[in-house]
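Inside the fold
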Amino acid sequence: MLTDLRHRLRALFRRDALERELDDELRFHLEQETEKLRREGLSAVEAARQARIALGIEATKEAARDARGVAAFEHLARDARYALRAVRRNPGFACMAVLTLALGIGANTAIFSVVNAVLLRPLPYPDADRLVTISSSVSGMPGDGGSSAMALSYPDYQDIGKLTDVLTGAAAWSTDHYNFSSAAEPRELEVARTTAPLFPVLGVAPVIGRTFSVAEMHDPVAVISHGLWLGNFNGDSTALGRTITLDQKSFTIVGVMPAGFAFPGPATDVWIPVGWAMTDAPEMAEVREYRAFSTVARLTPEASLDGLRRALDLLGKQITASGEATSKFGSGESFTANLLRDQIVGNARQPLLILFGAVALVLLIACVNAANLLLARANAREREFAVRRAIGAGRRTIIRQLLVESLLLALAAALVGILLAAAGLRLISAQLPHGYAAGIDGTVLAFTLLLAILTGLGFGIVPALRASDPALEQALRDGSSGTAGRPRRRARSILIVSEVALALVLLVSSALLVRSFVSLNAINPGFDPEGLLAARIRLTPARYATTAQQHAFFADLIERLRTQPGVAAATVADGPPLSGGVISVGMRPRQFRPDDPDQVLIVNETHVGPDFFSTMHIPVIEGRAITVEDRDGSKPVCVINQALAHELWPDQDPIGKTGLGRHGDQTVVGVVANVRSQALERAGGPAIYTPLAQSDRDIDEMWVMVRSDHPLGAIPALRGAVRAEDPSQPIASISTYDAIVQAQYAGLRLITGLISLFAGLALVLAVIGIGGVTAYAVSQRTRELGIRIAMGARAGDVIGLLLNETVILVAIGLGIGLTAAFGVTRALRSLLFGVTSTDLVTFAGAAIVLGLVALLATLIPARRAALVDPVIALRQE
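In this text, all values refer to a predicted model and were calculated from it rather than measured experimentally.

Reading the values: the criteria
Residues numbered from 1 in each chain as written. Predicted model: local features only at pLDDT ≥ 70, side-chain atom pairs only at ≥ 80, totals over all residues. Heavy atoms only, no water. Helix = DSSP H or I, 4+ residues; strand = E, 2+ residues; numbered from the N terminus. Buried < 20%, exposed > 50% of the residue type's maximum accessible area, 1.4 Å probe, protein only. Contact = heavy atoms within 4.5 Å. Areas by Shrake-Rupley, 256 points an atom, 1.4 Å probe, with all protein chains shown as cover. Axes fitted to C-alpha atoms, helices over the stretch in contact; angles between N-to-C directions. Parallel < 35°, antiparallel > 145°, perpendicular 65-115°, else oblique. Left-handed = near helix turned anticlockwise from the far one by under 90°. Polar contact = N/O pair within 3.5 Å; in protein donor to acceptor, adjacent residues only side chain to side chain. Core = buried A, V, L, I, M, F, W, Y, C linked by side-chain atoms within 4.5 Å. Pairing = 2+ DSSP bridges. 1 Å grid on protein atoms, 1.4 Å probe; cavity = no way out; pocket = protein on both sides within 12 Å on 5 of 7 lines; lining within 4 Å. Points joined across faces, edges and corners; volume = space filled by probe spheres on them. Nonpolar A, V, L, I, M, F, W, Y, C, P; charged D, E, K, R; others polar. Salt bridge = Lys/Arg side-chain N within 4 Å of Asp/Glu carboxyl O. Phe/Tyr/Trp six-rings, centres within 6.5 Å; stacked < 30°, edge-to-face > 60°. pLDDT = per-residue confidence, 0-100. Patch = residues over 30% accessible without salt bridge, like charges linked within 9 Å, V, L, I, M, F, W, Y side chains within 5 Å. Arc of directions from axis to C-beta. Lys, Arg positive; Asp, Glu negative; His and termini not counted. Charge placed at Lys NZ, Arg CZ, Asp CG, Glu CD.

A count of helical and extended segments in the protein chain gives 27 helices and 23 strands. Going through the 877 residues of the protein chain one by one, you find that 48% of them count as buried. Within the protein chain, counting contacts between residues at least 6 apart in sequence, those at least 24 apart form 79% of the total. As presented, the protein chain carries roughly 40,600 Å² of accessible surface, and 58% of it is formed by carbon and sulfur atoms.

As structure tokens, then:
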């Protein structure tokens, strides 16, 4: 095959040389044959003539060229030149076709690049399809009666590591934040505390240095990221052996990971031995209830994911039988294994596939429009094709030439589409999970090229078959094409029905997502985020080792903030709403309500400073809020929300009730409104608020909330106050609360915006297509309409005739589109909020809008047809 290809390419690019060789060879054979005939007695002239006849010189040349594959290339090149001339003769048609297709191809290229980056491109680890993650489940968890996925305990990890028949290795890790004081400006780093096998399991080695060993489980050694190495050590190899200070502890750098290594997350900058996770809790290494670790493992070459799951199922039964997993949270344990890729991709898979389906519909509509343009152009050129047929052109030749023309248009559209995709990717890439980056690489270019070829063949084949129909020779004899035939009308009808149906599916999907976004945006979170600034501060444990020191820092910080200009109020909390730091505790409602069916009630517990509710603008329904008087040594109190009050004392006044809190000594002094603390789409569950000053647990990490008319302007005041308290203390993160709320529906906003954009494109393309089909149909029926007007038809009659035909086609398209939408929108269920996937109002509204727009697109050419002068129309025929 390679030899044949080499000969064909040589024949293509060295044609002149090969022609000379062919002439020389044939001349030799001609001379030999001529000499033979002369020896038989023929004259020189007759011998030469007979020799040329016998050899068939020109036929032999053509056969030799065909054998070398030159003819196919010549035909293709000739067809391409012909197509370019045809396109140049009608640049308006070419521009319309290219732009129409570019929208569809560009959208598909952009979304495919994202799908390729997230779903198709292998993870940056050797044999990444062998990497799995393992989590545990505890049966009998309160609240759902089933099981809930949880992290692993260290004993769990050790038992899993013994499954050597299905695993070549396993690693456990947990992440935490450490204050990094080696830099000029203190800041917080994300640190992974991991077991030594992590790097061998992933199959990634450091670019310089080494990783730590099992023997160094508790040693102060560290592996740092490539970014930290460049940023703080200028990429100097002498960084090995130097130290970094994390939480005022020195760690010796033993290795630097390669650029792009981002495990377990893109923000991870340092990896230290797992023993440092157990520094303050040594029991973590032995107690199975202490679940704090995630696990990644590598399957053996012979093992399968199902085989691992069977081994884990047996392990879970053994642990359950031993009784080690029994606790207040449940009585049994099991394990779940999934591919690492699935864990990383998470919830991004379904939205990406939905977007890919949406852009496919846009491309289909664009192809329908392009086919319509080619059909109209082919009908206008039918006299040309009939002439070519009459003088001997074969049907295959005409089909080939028209397909080459459509392929050239599709390739030109692909070039424009790539530019559109590159611009669109800048907006999409920021939303990708786990730091993925989508771009125009070789795979995406290959996809675009393949898509362009398929698109060109797809929208070009029907017009090519119609244009090459032998029956068109009749048009040459008739000399007229003024009356649209039934096949043409059928083709145009199919185009209109297809565009309406495809556009309606996208319009319904877009409308459902828009309604969900509006519903989510209209939710009252239970507090007022406007004018609120939030900052997370994690105190360095070595500097603030006691609860008293921690309380003093935050109390002094709040007092200092309240004196700053522009600060209306300030407070602290360990888990404010939507911060992701909500702490859940279990309590027994039967202690307060004997008839309660639940044995355990999960309650969100938040430790708050004075003025928390007034600063957050959370309404106090009954009693009072937490004040500065609720300090250490005073009567233990708490404030509960309406959900907890209803759960424990549905028909009673909760003020003054006692028995709450970790020690059962808190008295309820107030009831506040429910707050959506975990997510906007989840109603606020039972919650209890405890005075921070009365807490006896470590509060080394807190959120500081500042209310101001200009929250961004309060950032310098906040930074200055922290610096005044402790210059070595970094602010971990700082943001307006509006941004925190917006982040709650950032993903929904992105997919809603993209599908709405695609729906808008579909609507525009459908309008252009329907209007174009109708306008062309009118031009083809000029004689018929002229006769009708000449016989007395009024303008309204002509308009009604054309509208009636379109109404029927649009109605059929709407019916097919509604049926398809009922099936397609089921995939949107997990993205919808406040509306069902089969909402009849949305379906009906989208159908009415599309139907009216389609009729308006028909009305313009219909009105123009009604103004046709019958004399001119008949004279044209």
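What follows picks up the thread again.
Where helix H6 (residues 91-120) meets helix H14 (residues 395-428), the axes come as close as 5 Å, and the angle between the chain directions of the two elements is 45°. In this view, H6 runs oblique relative to H14, as classed from their interaxial angle. When the axes of H6 and H14 are compared, the crossing they make is right-handed.

Here we come to unusual backbone geometry. In this chain, Phe 263 is followed by Pro 264 through a cis amide linkage whose omega measures 5°. With respect to the helices, strands and loops of the structure, Pro 264 is situated in the loop between strand S9 (249-256) and strand S10 (268-273). Residues other than glycine seldom take positive phi values, yet Gln 248 does so here, at roughly 60°.

Structurally, Thr 842 can be placed in helix H26 (residues 840-866). The exposure class assigned to Thr 842 is buried, which follows from its relative accessible area of 6%. In this structure the side chain of Thr 842 is engaged in a polar contact, spanning 2.7 Å, whose partner is the side chain of Asp 839. In this view, Thr 842 contacts Val 508, Ala 511, Leu 512, Arg 515 and Val 835; residues no more than four positions away in its chain are not counted.

Buried together is how nonpolar side chains tend to be arranged in soluble globular proteins. In this structure, Leu 409, Phe 459, Phe 612, Tyr 689, Met 705, Tyr 737 and Phe 758 are the most contacted members of the largest nonpolar core, which totals 115 residues. In this view, Tyr 737 contacts Phe 527, Pro 529, Leu 532, Ala 534, Pro 576, Pro 577, Met 616 and Met 705; residues no more than four positions away in its chain are not counted. In terms of nonpolar packing, the next biggest core, distinct from the first, is built from 28 residues, Val 132, Val 166, Ala 297 and Ala 337 among them.

The subject of this paragraph is the pairing of strand S5 (residues 187-194). Across a regular strand the side chains alternate sides, sitting on one face of the sheet and then on the other. Counting buried positions over the 8 residues of S5 gives 6, a clear majority of the element. With 8 bridges connecting them, strand S4 (residues 167-180) and S5 associate as antiparallel partners. Bridge assignment links Phe 180 to a residue of S5, and that residue is Arg 187.

Approximately 1,600 Å³ is the volume attributed to the largest pocket. As for the largest pocket, its lining consists of 37 residues, of which Asp 176, Arg 193, Tyr 290, Arg 697 and Asp 700 are closest to the centre. Counting residues per element, the ones that place at least two in the lining of the largest pocket are S4, strand S13 (532-538) and strand S22 (701-708). If you tally residues by element for the lining of the largest pocket, the top one is S4, at 5 residues. Partitioning the lining of the largest pocket into residue classes produces 16 nonpolar, 8 polar and 13 charged.

Turning our attention to the pattern of salt bridges. A full pass over the atoms with the stated rule returns 20 salt bridges. Residue Arg 309 pairs with Asp 306 through a salt bridge whose shortest N-O separation is 3.7 Å. In this pair, Arg 309 and Asp 306 are both assigned in helix H10 (residues 305-322), 3 residues apart and thus about one turn of the helix distant. Within the structure, one salt-bridge network assembled from shared partners comprises Asp 156, Asp 159, Lys 162, Arg 288 and Arg 291.

Moving on to the packing of aromatic side chains. Under the defined criterion, the tally for this structure stands at 21 aromatic pairs. Pairwise contacts between aromatic rings join Tyr 125, Trp 173, Phe 199, Phe 212, Phe 261, Phe 263 and Trp 271 into one cluster.

With that settled, the discussion passes to the confidence of the model for the protein chain. Per-chain confidence: the protein chain averages 81 in pLDDT, with 79% of residues scoring 70 or above. Contacts from residues 142-147, a stretch scored under 50 in pLDDT, to residues over four places away or in other chains number 10 contacts. Predicted confidence for residues 480-484 stays below pLDDT 50, and this span has 18 contacts to residues more than four positions away or in other chains.

The next subject is the side chain of Glu 605. Residue position: Glu 605 is located in strand S16 (residues 601-608). Among the polar contacts made by the side chain of Glu 605, one reaches the side chain of Arg 662 at a distance of 3.1 Å. Once residues within four sequence positions are removed from consideration, Glu 605 is found in contact with Ile 583, Val 585, Arg 662, Ile 688 and Thr 690.

What follows concerns the environment of Leu 425. Residue placement: Leu 425 occurs in helix H14. According to the relative accessible area criterion, Leu 425 is buried, its value standing at 5%. Expressed as a C-alpha distance, the spacing of Leu 425 and Ala 438, which sit 13 residues apart in the sequence, is 7.1 Å.

Let us look at a nonpolar patch on the surface. Together, Leu 411, Leu 449, Ile 453 and Leu 457 make up a nonpolar patch on the protein surface, roughly 300 Å² of accessible area in all. Along the chain, Leu 449 turns up in helix H15 (residues 442-467).

Burial in helix H22 (residues 737-744) covers these residues: Tyr 737, Ile 740 and Val 741. All buried residues of H22 fall inside an arc of 95° around its axis, so they share one side. In the core, the buried residues of H22 are packed alongside S13, helix H19 (612-616), S22 and strand S23 (733-736).

Moving on, we come to the packing of helix H18 (residues 547-562) against helix H21 (residues 715-725). For the pair H18 and H21, interaxial distance at closest approach is 10 Å and the crossing angle is 135°. In terms of their interaxial angle, H18 and H21 are classed as oblique. H21 is crossed by H18, and the crossing has right-handed handedness. Contact residues: H18 offers Phe 553, Asp 556, Leu 557, Arg 560 and Leu 561, while H21 offers Ala 717, Leu 718, Ala 721, Val 722, Ala 724 and Glu 725.

Considering the arrangement of structural elements, one finds Met 150 in strand S2 (residues 147-150). Sequence separation between Met 150 and Arg 291 is 141 residues, and the spatial gap between their C-alpha atoms is 7.3 Å.

Taken together, the side chains of Arg 78, Arg 81, Arg 85, Arg 88 and Arg 89 present a region of like positive charge at the surface. Take Arg 81: it is sitting in helix H5 (residues 70-89).

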